[in-house]
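# Structural description and commentary
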Amino acid sequence: MKKISYSKDVDVLMIWLSDDAIEYAEDEGDGLTILHYSSDEKLVLIEIIDFYRSMTEKAFADLVSVGNQPQQVASATQGSYLEKT
């Protein structure tokens, strides 16, 4: 499963790489990236905190909008999509 979602309320981009259950998470040391792993140490989820603040307005707008309906946008990774929540 590949899914990318963005939560405007908390300004977090979540990149789901797997449906596996999350066993533990590690902060990458920058305070902005959290990696979530399964019990067999497989990377399941990548969280990027303060995502909007780290991008230009145009780049962000391109990611989260298609016309006037910012619901889904195709990503470069086949089979994944971006949902604005």
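So, a few notes on the structure that sits alongside this text. (Residues numbered from 1 in each chain as written. Predicted model: local features only at pLDDT ≥ 70, side-chain atom pairs only at ≥ 80, totals over all residues. Heavy atoms only, no water.)

The number of helices and strands found in the protein is one helix and seven strands. Going from N to C terminus, the protein has its helices and strands arranged as β-β-β-β-β-α-β-β. The buried share of the protein, taken over its 85 residues, is 28%. Partitioning the intrachain contacts of the protein with sequence separation of at least 6 by distance along the chain shows that 39% fall at a separation of at least 24. Looking at the protein as shown, the accessible area adds up to about 5,600 Å², and 50% of this sits on carbon and sulfur atoms. (Helix = DSSP H or I, 4+ residues; strand = E, 2+ residues; numbered from the N terminus. Buried < 20%, exposed > 50% of the residue type's maximum accessible area, 1.4 Å probe, protein only. Contact = heavy atoms within 4.5 Å. Areas by Shrake-Rupley, 256 points an atom, 1.4 Å probe, with all protein chains shown as cover.)

Right, let's talk about a negative patch on the surface for a bit. A surface patch of like charges, here negative, comprises E26, D27, E28, D30, D40 and E41. For E28, a relative accessible area of 44% translates into the label partly exposed. (Patch = residues over 30% accessible without salt bridge, like charges linked within 9 Å, V, L, I, M, F, W, Y side chains within 5 Å. Salt bridge = Lys/Arg side-chain N within 4 Å of Asp/Glu carboxyl O. Lys, Arg positive; Asp, Glu negative; His and termini not counted. Charge placed at Lys NZ, Arg CZ, Asp CG, Glu CD.)

Applying the stated criterion across every chain, the model contains two salt bridges. With a closest N to O distance of 3.6 Å, D20 and K42 form a salt bridge. Placement of D20 in the loop between β2 (12-16) and β3 (24-27) and of K42 in the loop between β4 (33-37) and β5 (43-49) is noted, with a sequence separation of 22 residues between them. Of the charged contacts in the structure, one is a salt bridge between D50 and R53, with a shortest N-O distance of 3.0 Å.

Within this structure, the stated rule accounts for two aromatic pairs. Between Y6 and F51, the ring centres sit 6.0 Å apart and the planes meet at 55°, which makes this aromatic pair tilted. Of the two residues, Y6 sits in strand β1 (residues 3-7) while F51 sits in the loop between β5 and α1 (57-64), which places them 45 residues apart along the sequence. (Phe/Tyr/Trp six-rings, centres within 6.5 Å; stacked < 30°, edge-to-face > 60°.)

When you line up the elements, K3 lands in strand β1. You can call K3 partly exposed: its relative accessible area is 21%. Residues K3 and D19, spaced 16 residues apart in sequence, show a C-alpha to C-alpha distance of 9.9 Å.

With four of five residues buried, β1 lies mostly within the body of the structure. Examined bridge by bridge, β1 and β2 share five bridges and lie antiparallel to one another. Counterpart to S7 in the pairing with β2 is V12. Count of turn residues in the β1/β2 antiparallel hairpin: four residues, of which D11 carries a positive phi of about 55°. (Pairing = 2+ DSSP bridges.)

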